[in-house]
Amino acid sequence: MNRHEEMSGLLVDSALGELSPQEQADLKMHLDECPKCRLESKRIEALLKCTQRMRELSADPQACESAEKAVLEAVRIQKDKRQTSGSNTSLEFIRRITMNNRTAKLTAAAAVIMVVLGGVTFWPGAPQNGKWWLASPAVWGQEIIAQMEKIETLVHREQAVIVGRYGRTHVSGNWSRIYQAADRSRKDKFYEHTDESTFGDNSPDSVLVQVTWEVPDGKDLKLYQVSHEHKCYTITTREGRAYRRDPMNELRAYVGKLDKADRILDTEIFDGRECVGFEIDSSTGGDNPVELTDRIWFDVETKLPVRIEKHGLPVTDSPGQTFTFIDDKFEYHAQIPAEKFVPKIPDGFINAEPGEVWAAKDKQVKDKMLYADVPAGLRDEVAGVLDNVKTATYRQRVGFMRDDRWLFSDASKLYISPNAWREDTLSGEKVHQTKFFVPDKKYWGKTSFDFNDKDFKLTQTTVNFSDRTYRVVNHDSKSHPDNPMDHIIRIADMLNRADRFWQDEEIDGVKCFGFELSAKKYGSNPDTHKHKMWFDAKTKLPVRMEFAWVQTQGPGKEVRDEFQWNPAFAVGTFTPEIPADFTVEEQD
Amino acid sequence: MVSREKFKTLVDDCSKQVLNTAVRILGDVEQAQDVHQEVFMAIWRRWHKYNGRTNWNAYLYRVTVRKAIEFARRSRSQQSLRQQKHNGLSEHKPDGLMRAAELQKRLAGSLAELPKRQADAFVLSRIEGLDTRQIGEILGCSPETVRVHLHRALKRLMRELGDYLIE
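Thresholds applied
Residues numbered from 1 in each chain as written. Chains lettered and ligands numbered in written order. Predicted model: local features only at pLDDT ≥ 70, side-chain atom pairs only at ≥ 80, totals over all residues. Heavy atoms only, no water. Helix = DSSP H or I, 4+ residues; strand = E, 2+ residues; numbered from the N terminus. Buried < 20%, exposed > 50% of the residue type's maximum accessible area, 1.4 Å probe, protein only. Contact = heavy atoms within 4.5 Å. Areas by Shrake-Rupley, 256 points an atom, 1.4 Å probe, with all protein chains shown as cover. Salt bridge = Lys/Arg side-chain N within 4 Å of Asp/Glu carboxyl O. pLDDT = per-residue confidence, 0-100. Phe/Tyr/Trp six-rings, centres within 6.5 Å; stacked < 30°, edge-to-face > 60°. Lys NZ or Arg CZ within 6 Å of the ring centre and 35° of its normal. Expected span 1.5 Å × (residues − 1). Arc of directions from axis to C-beta. Core = buried A, V, L, I, M, F, W, Y, C linked by side-chain atoms within 4.5 Å. Axes fitted to C-alpha atoms, helices over the stretch in contact; angles between N-to-C directions. Left-handed = near helix turned anticlockwise from the far one by under 90°. Nonpolar A, V, L, I, M, F, W, Y, C, P; charged D, E, K, R; others polar. Polar contact = N/O pair within 3.5 Å; in protein donor to acceptor, adjacent residues only side chain to side chain. Pairing = 2+ DSSP bridges.

As a further point, take the overall build of chain A. A tally of regular secondary structure across chain A gives 10 helices and 29 strands. Of all 588 residues assigned to chain A, the portion counted as buried reaches 47%. Of all intrachain contacts in chain A linking residues separated by at least 6 positions in sequence, the fraction that spans at least 24 positions is 52%.

See the structure below:
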């Protein structure tokens, strides 16, 4: 990172009063020389002046009195209505009373009507062309709840997707089918190797790995967990916990959350049915705040939930990734054969926890793994810094050891932005080939929510300046290559699992800390595959990465270096420009 | 004291705080009154669940900021400055209010686009003037976490509002 980047990073710290006197003096000196930072500093000042003005606003005493009276009147009306009806109705109407005062409009049109439906509050709207979700909330909500109350059995599928920060998605091979009845349930967990977006569904490649039953035993609840993967089982008793459950409980809770919906989504087709969706912010607070978003789609015809997505669930030990859980393929009033809920333990299975069996096997297969002492909080600091990276460039080379020397291929230069990226392959100093990876502009800025977008397209354009040819390949959501930034973040996230950690190493004149990690730590990789990564000790940004392996001809490695973080790119950096005389190379 | 009386006491004691917080975010007293009613009616609906240990100061700050920002998100336009002058807002400096009101509108809209915690931390710090320790108590997190949220919020707002901040 150069001096300008370093100083511009301090502008926000300065605005929040967090710089030391020396840092403040350094910043002031830089501002005297840098018009760009001076402008940025003025902008920050303008924003904080705006907030200062906002701080000085207040309501006059009569407005306050009016507001108090309105609340108390609304409470009185609500209580009177309850007493008159004599029942705890699920429908309540609350009208904000516009008091007669000089701060408010006095007409009925100024009153806001909020319809409260068993805890669900909808904003009023009018039916438009059969779009019932904009119609009177009382009818819509009442209908959904009434339908749900009749449903006693439910079957649905659950699946998980791992999402990288730059949009890379990986569908987990694990998926489950869940059966729910009034007092019992069963969960069948399958494993299927998937590519980017195929969802497992009883395909021939799905293997049953685990079955879990929850069934009543008198007043107790018994949990049977049978792992077909590890050929073991456990039985747990929860005393006094046998109870009548409501399979629709979680779905009803989602309907109840719709009063906090942030927006209505465009209709989509799921399983051949047109559905309307709602998006709800379900973030949690506390010392480890988590930004969560739920999306729930309802069948336009039946008004029952068809799909629920829970976005943003953290992945343990990978701050750069999140989980999205998907519940779909709901079967309401499902006819579930009674034997589905009868626990079966195959002959020869041992009584043990699956985790213990797996750990024992893993220990046999792999050597004892090393874990270095990494300073507490360092990985999260690095993750936080990478969170603020918007653009990057770096050099990439592949080398092989021959006669005790590393020989490197021609280098590539990568240019990365959150949406598009580009790879220039160099021949000496000259660009021999450029690959552009550019999603359709309508997907720029899209989030992980849209990974199931069937119209998604990423265009890869390869321009070969040596052969004077070009080639265009369109990737869909199943096959698109990943943004290189996602990979960098994934490796950096593994800092806490390092085999070795070191500090005070100088790389290209920059004081760095670094770590080494065996690739077997995160999968069935050979011990000879190792990653190394160095970070600027001050900025915590990557300075160098190496991926080493051993093959029959000897050691090889891929090296990434010469990183520049958050550089400004010229207009057109990600726009393929193909000279008129270049010929198209046919696709295979 | 019966429930309703206790609730009335809460409204009497805390209305000013709730209303003023909403006014500062929305810049419009009528919208702030809507938020005020939403806040207290939401509390009333769950009144039987609150125990004597609720920290009302922190709770009301949290809920009011959240509801005001949600309100800003739902309502896409705010009243003009001319109407604001007749709406009982107390202002201290009349100069430059036209431009200030426009920027404030934009800021309220941008707050609605921030992640919740960042928006909450920013409002409580920059608009309500609380320090990180106080904000941490309200949001249920450490002062360090509050600082992280503030940093991120400020950076994102700078990006969102860029052009509107040039004199």
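Summing up its helical and strand segments, chain B has 8 helices and 1 strand in all. Walking chain B from its N terminus toward its C terminus, one meets helices and strands in the order α-α-α-α-β-α-α-α-α. Taken across its 167 residues, chain B has 60% of its residues classed as buried. Expressed as a percentage of contacts within chain B between residues at least 6 apart in sequence, the contacts between residues at least 24 apart total 69%. Working note: accessible area of chain B is about 7,600 Å², and carbon and sulfur atoms make up 46% of it.

Turning our eyes to something else, we now look at the pattern of salt bridges. Residues and elements named next belong to chain A. Counted according to the given criterion, the structure contains 36 salt bridges over all chains. Asp 299 is the partner of Arg 273 in a salt bridge, and the nearest nitrogen-oxygen pair spans 2.9 Å. Linking Arg 273 in strand β12 (residues 273-281) with Asp 299 in strand β13 (residues 293-299), this pair joins segments that are 26 residues apart in sequence. According to the relative accessible area criterion, Arg 273 is partly exposed, its value standing at 31%. The partner of Asp 561 in a salt bridge is Arg 544, and the shortest N-O contact between them spans 3.6 Å.

This brings us to the environment of A:Met7. Residue and element names in this part refer to chain A. Relative to the assigned elements, Met 7 resides in helix α1 (residues 3-8). Put simply, Met 7 and His 30 are 23 residues apart on the chain and 7.1 Å apart in space, counted from C-alpha to C-alpha. Not counting residues up to four positions away in its chain, the partners in contact with Met 7 are Asp 26, Leu 27 and His 30.

Residue and element names in this part refer to chain B. The pLDDT averaged across chain B works out to 78; a share of 78% of its residues lies at or above 70. Within chain B, helix α6 (residues 116-127) carries the highest mean pLDDT (90), whereas helix α4 (residues 81-85) carries the lowest (38). Across residues 76-95, where pLDDT falls below 50, the model places 37 contacts with residues more than four positions away in sequence or in other chains. Model confidence for the complex is summarised by a pTM of 0.51, with the ipTM given as 0.82.

A word on the packing of aromatic side chains. By the definition in use, this model includes 22 aromatic pairs over all chains. Measuring from centroid to centroid gives 5.1 Å for A:Phe563 and A:Trp565, while their planes differ by 5°, and the two rings are stacked. For the pair shown, A:Phe563 and A:Trp565 are each scored as buried. Seen in terms of ring centroids, B:Phe7 and B:Trp47 are 5.4 Å apart; in terms of plane orientation they differ by 80°. Their pairing is edge-to-face. Here B:Phe7 is found in helix α1 (residues 3-26), whereas its partner B:Trp47 is found in the loop between α2 (29-45) and α3 (56-74), with 40 residues between them in sequence. Exposure class is identical for B:Phe7 and B:Trp47. Each is buried. Every member of this aromatic cluster is reached through a ring pair, and the members are B:Phe7, B:Phe40, B:Trp44, B:Trp47, B:Trp56 and B:Tyr59. The ring of A:Phe408 carries the charged tip of A:Arg397 above its face, separated from the ring centre by 4.3 Å. Sitting over the ring of A:Trp406, A:Lys557 keeps its end group 4.4 Å from the ring centre.

This paragraph deals with helix α3 (residues 21-33) of chain A. Think of an α-helix as 3.6 residues a turn; residues three or four steps apart then line up on the same face. Residues and elements named next belong to chain A. With 13 residues, α3 extends 19 Å from end C-alpha to end C-alpha; this agrees with the ideal 18 Å at 1.5 Å per step. Taken as a whole, α3 has its buried residues at Leu 27, His 30 and Leu 31. Along the axis of α3, the buried positions cluster into a sector of 100°, meaning they face one direction only. Opposite its buried face, α3 presents the exposed residues Pro 21, Gln 22, Lys 28, Asp 32 and Glu 33, each directed more than 90 degrees away.

This part is about the nonpolar core. Counting 77 residues, the largest nonpolar core has B:Phe7, B:Phe40, B:Ile43, B:Leu60, B:Leu107 and B:Leu111 as its most contacted members. No other element matches the 11 residues that α3(B) contributes to this core. Core analysis: the second largest hydrophobic core is formed by 31 residues, A:Val374, A:Ala392, A:Leu414 and A:Ala492 among them.

A separate point is the packing of α1(B) against α3(B). Residue and element names in this part refer to chain B. Following both chains from N to C, one finds α1 and α3 inclined at 40°, their axes separated by 9 Å at the closest point. Regarding α1 and α3, the two cross each other, and that crossing is right-handed. Here Leu 10, Cys 14, Gln 17, Val 18, Thr 21, Ala 22, Ile 25 and Leu 26 of α1 come into contact with α3, specifically with Trp 56, Asn 57, Leu 60, Tyr 61, Thr 64, Val 65, Ala 68, Ile 69, Phe 71 and Ala 72. Grouping the constituent residues of the contact of α1 with α3 by class yields 14 nonpolar, 4 polar and no charged.

It is worth spelling out helix α10 (residues 484-492) of chain A at this point. All names here are of chain A. The element α10 is extensively covered by neighbouring structure, given that 7 of its 9 residues are classed as buried. Those residues of α10 that fall on the buried side of the exposure criterion are Pro 484, Met 485, Asp 486, Ile 488, Ile 489, Ile 491 and Ala 492. The opening residue of α10 is Asn 483, an N-cap whose side-chain oxygen sits 3.0 Å from the backbone nitrogen of Met 485.

Residues and elements named next belong to chain A. Here strand β17 (residues 392-402) runs beside strand β19 (residues 412-416); their pairing, made up of 5 bridges, is antiparallel. What sits directly across from Arg 395, in β19, is Lys 413. Direction of pairing for β17 relative to strand β28 (residues 554-565): antiparallel, over a ladder of 8 bridges. Of the residues in β28, the one forming a bridge with Arg 395 is Asp 561. The pairing of β17 with strand β18 (residues 405-408) spans 4 bridges and is classified as antiparallel. Paired with Arg 402 across the bridge in β18 is Arg 405. From the end of β17 to the start of β18, which pair antiparallel, there are 2 residues, and Asp 403 there has a positive phi angle of about 50°.

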